Amino acid sequence: MTGRRGPAAAIALFLGALAVVGCGLGPGSGIGDVQLTVTRDYGSDRVLDRAVGGVTESDTVMRALERSADISTSYGGGFVQSIGGVEGEGRGGASYDWFFYVNGVESTVGAADYALHGGEAIWWDYRDWSAAMRVPAVVGSWPQPFTGGYDGKRHPVAVACMGGGGACGEVRSELEGAGASVAAGSPSGAIRVLVGPWARVREDPVAAQIEEGPQASGVFADFVRRGGHFELQGLGEDGKPARAFGTGAGLVAATRRYEAPPTWVVTGATLSGVRAAAGLLDTADLRDHYAVATEGGKETPLPMR
């Protein structure tokens, strides 16, 4: 990592792990296609969207990218420096680099070490990571990870109704309609969807990370207590409050704790907000977004710009 992006060895090691370039293991057998998306600025600008065919069992996330875009590397080939000429850099006191997700989950291994199995949604995004170096899970690859899992493994899907009323059934229906198999109860290793007003959802320790800010959860939203109720706030890319939403606003976001499966929240300050959030579970509203707030029928991607 260059000096202009900070000298911390831990940051350099982390970013290097995100995108290590390797040679692969040979041609291998065909396993189908993967979907590759490349965006900038938290998904606000899509620059590449294509199906990558002819993927084999020896292919990796890095190989799929190399076959589809003009890239350059740095640090001895261990870091993605640029895609399509857009380079990682320090600018105006902020740090910009490339990060990738597979089926909506930030990988814990480098791109060259992430073996593909076919059917994955790979998303590379160029963003300012000053306020959140890690964003462990995003909603923008819906209906992944519910239909295909992550890390090459399928996981059960569980809907936890936490006072969400009719919105719980709507969420379950949307998941099943998208092709997910929703398990009864909360089996071990499940990708969870918590549905309910924030006053209840915040009791879950994974969801509660949202109140600690994007540096902890990767979610650029917060719920602030106002008197006896909560108020949803949208945060900007700097992690600071940018907009206060009304009591009917809802939020769909995803986060993760350690190496556990991701947890999604379908929530709001009130039940009307929870119902509004449940209506966001489709590709049109979630595609290429880290998280989404809704109020009065209007969707707002988060972080706010």
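Residues numbered from 1 in each chain as written. Predicted model: local features only at pLDDT ≥ 70, side-chain atom pairs only at ≥ 80, totals over all residues. Heavy atoms only, no water.

**Student:** With reference to specific residues and values, describe the overall build of the protein.
**Tutor:** What the protein contains, in helices and strands, is seven helices and 18 strands. Counting all 305 residues of the protein, 53% fall into the buried class. Nonlocal contacts in the protein, meaning residues at least 24 apart in sequence, comprise 65% of its contacts between residues at least 6 apart. Carbon and sulfur atoms form 50% of the exposed surface of the protein, whose accessible area is close to 12000 Å². (Helix = DSSP H or I, 4+ residues; strand = E, 2+ residues; numbered from the N terminus. Buried < 20%, exposed > 50% of the residue type's maximum accessible area, 1.4 Å probe, protein only. Contact = heavy atoms within 4.5 Å. Areas by Shrake-Rupley, 256 points an atom, 1.4 Å probe, with all protein chains shown as cover.)

**Student:** Lay out the packing of aromatic side chains with the relevant residues and their values.
**Tutor:** A complete count under the given rule lists twelve aromatic pairs for this structure. Summarising the aromatic geometry, the rings of W142 and F146 are spaced 5.9 Å apart at their centres and angled 65 degrees between planes, so their arrangement reads as edge-to-face. The buried category is assigned to W142, whose relative accessible area is 8%. Aromatic side chains F146 and W264 sit 4.7 Å apart centroid to centroid with 65 degrees between the ring planes, which places their arrangement in the edge-to-face category. Here the residue F146 occupies a position in the loop between β9 (121-128) and β10 (157-161), and W264 occupies one in strand β16 (residues 263-268), the gap between them amounting to 118 residues. Given a relative accessible area of 5%, F146 falls into the buried group. One aromatic cluster is present, built from ring pairs that chain together Y42, Y101, W123, F220 and Y290. (Phe/Tyr/Trp six-rings, centres within 6.5 Å; stacked < 30°, edge-to-face > 60°.)

**Student:** Account for helix α6 (residues 271-278), with residues named and values stated.
**Tutor:** Those residues of α6 lying buried are G273, V274, A277 and A278. For α6, the angular spread of the buried residues around the axis is 140 degrees, confining them to a single face. (Arc of directions from axis to C-beta.)

Honestly, it's all geometry; don't read function into it.
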